[in-house]
Amino acid sequence: RHAVLTVREPMLYTARMVVVFAVTVFFCVVYLESRQLTQVQIMQKAFYVFWFVCVPVAFPVIAVYALNAEFVTVKKEVKDGMYGPMAYALANGLLQLPMMFAFGLCAMLPTYLILGWPWDTFLTTLALFSAHCWAFECIAQFFSLSANPLVGMLKYLNVWFISALFSGLVFRGRDVIWPLRLLYYCLPMKWFFGATAYSIMASSPPYEGTLACNSTGVGAVSYCPDEGFYCPSTEEDPFGLSCYGETGPQILDSLSKTYDAISSENTVLTDLIAILAIGVFFKVNYCVYLYASCTAGRMPNPPRQIKI
């Protein structure tokens, strides 16, 4: 029954899949030049990853409203004895999982086809993206239990914005004072951003535009940075400032100096576990609040006896 209602309500999943696909195609066209394996396009690819991380999980704000309306109905049906709150939570959770993978396909297929990301990382990125969507879906579910759906939507947008702010691209987490630095570790985007950057860059083909320190000939220099390579001037970059490296690990090391969510160490599994743990935290709180809301109440007063 819940599966039929889910299919009939496009706001929950179907409409969002269409929007995620369309928005992803839009950003792919905007960042189409990042297909080129040149130094000046490395930062463009990093910025695309940022939008790839942030934008699709903004749309569950719509689900907050739909889930709130569903919650009102569920609470009445539970009180009428049609089913228990945990049965509803289980059915809802089982339907969520394949939908998260569907969201992942809607976002990743255009990305891999248009921007040429390495296909050997597709399954890894799909698992990361699906877990990321699931974590934010759990956050949306939790806030859908608000008495006013508009307040729940604002709460979700607040968490989404803070998560984007603390994703690791806007500023470094270590530059934020405690206890605000906790937000850097307690929200999903930081973990997904770092894992996705590693996944697509670690095994990428070599990038053009770098020379080793022992190079001779045109463009050779007598000094060299500590990284062991430098970038000669080009028409696109006359001063050679966009210089991140030839291999994936070199590029990740260069980016990690500015963005500490990125690392050349393989922490994909740790990042995935962190994303799932955040989702589980909100899912458990959702189930507890759902159960309390559906079972709260008092016994009705006995009918008064009227003497005639």
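Residues numbered from 1 in each chain as written. Predicted model: local features only at pLDDT ≥ 70, side-chain atom pairs only at ≥ 80, totals over all residues. Heavy atoms only, no water.

A count of helices and strands for the protein chain gives 11 helices and 2 strands. Traced from its N-terminal end to its C-terminal end, the protein chain shows the element sequence α-α-α-α-α-α-α-α-α-β-β-α-α. Expressed as a percentage of its 308 residues, the buried residues of the protein chain come to 46%. Total accessible area on the protein chain stands at roughly 16,000 Å², and carbon and sulfur atoms take up 67% of it. (Helix = DSSP H or I, 4+ residues; strand = E, 2+ residues; numbered from the N terminus. Buried < 20%, exposed > 50% of the residue type's maximum accessible area, 1.4 Å probe, protein only. Areas by Shrake-Rupley, 256 points an atom, 1.4 Å probe, with all protein chains shown as cover.)

A word on the confidence of the model for the protein chain. Averaged over the protein chain, the pLDDT score is 83; the fraction of residues at 70 or greater is 87%. When mean pLDDT is compared element by element in the protein chain, helix α6 (residues 122–143) scores highest at 92, while helix α1 (residues 2–8) scores lowest at 65. (pLDDT = per-residue confidence, 0-100.)

The next point concerns the packing of aromatic side chains. A complete count under the given rule lists 21 aromatic pairs for this structure. Where Phe 27 meets Trp 51, the ring centres are 5.5 Å apart and the plane angle is 20 degrees; that geometry is what we call stacked. Linking Phe 27 in helix α2 (residues 14–30) with Trp 51 in helix α3 (residues 42–54), this pair joins segments that are 24 residues apart in sequence. Residue class for Phe 27 comes out buried when judged on its relative accessible area of 16%. Grouped by ring-pair contacts, the aromatic residues Tyr 31, Tyr 48, Phe 52, Tyr 112, Trp 117, Trp 119, Phe 122, Phe 129 and Phe 192 constitute a single cluster. Directly above the aromatic system of Trp 191 lies the positively charged group of Lys 190, at a separation of 3.7 Å from the ring centroid. (Phe/Tyr/Trp six-rings, centres within 6.5 Å; stacked < 30°, edge-to-face > 60°. Lys NZ or Arg CZ within 6 Å of the ring centre and 35° of its normal.)

What follows covers unusual backbone geometry. Excluding glycine, a negative phi dihedral is what most residues carry, and trans is how most peptide bonds are arranged. In this model, Trp 178 is joined to Pro 179 through a cis peptide bond whose omega is 5 degrees. Position of Pro 179 among the secondary structure elements: in the loop between α7 (149–165) and α8 (182–186).

Turning next to helix α4 (residues 60–79). Its 20 residues place the ends of α4 28 Å apart at the C-alpha level, agreeing with the 28 Å of an ideal helix rising 1.5 Å per residue. The complete set of buried residues in α4 reads Pro 60, Val 61, Ala 63, Val 64, Ala 66, Leu 67, Asn 68, Glu 70, Phe 71, Val 74, Glu 77 and Val 78. Phi for Gly 81, located one or two positions after α4, is positive at around 85 degrees. (Expected span 1.5 Å × (residues − 1).)

As a further point, take the state of the cysteines. One pass over the structure, following the stated rule, counts 0 disulfides. For the unlinked cysteine Cys 133, the closest cysteine sulfur is that of Cys 106, found at 9.7 Å. (Disulfide = S-S within 2.5 Å.)

Before going further, it helps to examine the environment of Gly 279. For Gly 279, the position within the fold is in helix α11 (residues 268–295). Along the primary structure Gly 279 and Pro 188 are separated by 91 residues, whereas in three dimensions their C-alpha atoms are 8.4 Å apart.

Our focus in this paragraph is the side chain of Ser 167. One can find Ser 167 in the loop between α7 and α8. Those residues in contact with Ser 167 that lie beyond four places of it in its chain are Phe 50, Tyr 184, Met 189, Lys 190, Phe 193 and Ala 261. (Contact = heavy atoms within 4.5 Å.)

Before going further, it helps to spend a moment on the environment of Met 99. Here Met 99 shows up in helix α5 (residues 85–115). Residue classification places Met 99 among the partly exposed residues on the basis of a relative accessible area of 22%. Taking the C-alpha atoms as reference, Met 99 lies 9.0 Å from Trp 134; in sequence the two are 35 residues apart.

Looking now at the packing of α6 against α7. Remark: α6 packs on α7, axes separated minimally by 8 Å, with the N-to-C direction vectors making an angle of 150 degrees. Here α7 runs roughly antiparallel to α6, going by the angle between their axes. α6 and α7 meet at a crossing whose hand is right-handed. Between α6 and α7, the residues in contact are Phe 136, Ile 139, Ala 140 and Phe 143 and Gly 152, Lys 155, Tyr 156, Val 159, Trp 160 and Ser 163, respectively. Here the residues of the contact of α6 with α7 are counted per class, giving 7 nonpolar, 2 polar and 1 charged. (Axes fitted to C-alpha atoms, helices over the stretch in contact; angles between N-to-C directions. Parallel < 35°, antiparallel > 145°, perpendicular 65-115°, else oblique. Left-handed = near helix turned anticlockwise from the far one by under 90°. Nonpolar A, V, L, I, M, F, W, Y, C, P; charged D, E, K, R; others polar.)

For the rest of this paragraph, the subject is the side chain of Thr 38. With respect to the helices and strands, Thr 38 occurs in the loop between α2 and α3. In contact with Thr 38, not counting residues within four places along its chain, are Tyr 207 and Glu 208.

Here the focus is a nonpolar patch on the surface. A cluster of nonpolar side chains, Leu 105, Leu 109, Leu 113 and Trp 119, forms an exposed patch at the surface whose accessible area comes to about 390 Å². By the secondary structure assignment, Leu 109 is in helix α5. Overall, Leu 109 belongs to the partly exposed group, its relative accessible area being 36%. (Patch = residues over 30% accessible without salt bridge, like charges linked within 9 Å, V, L, I, M, F, W, Y side chains within 5 Å. Salt bridge = Lys/Arg side-chain N within 4 Å of Asp/Glu carboxyl O.)

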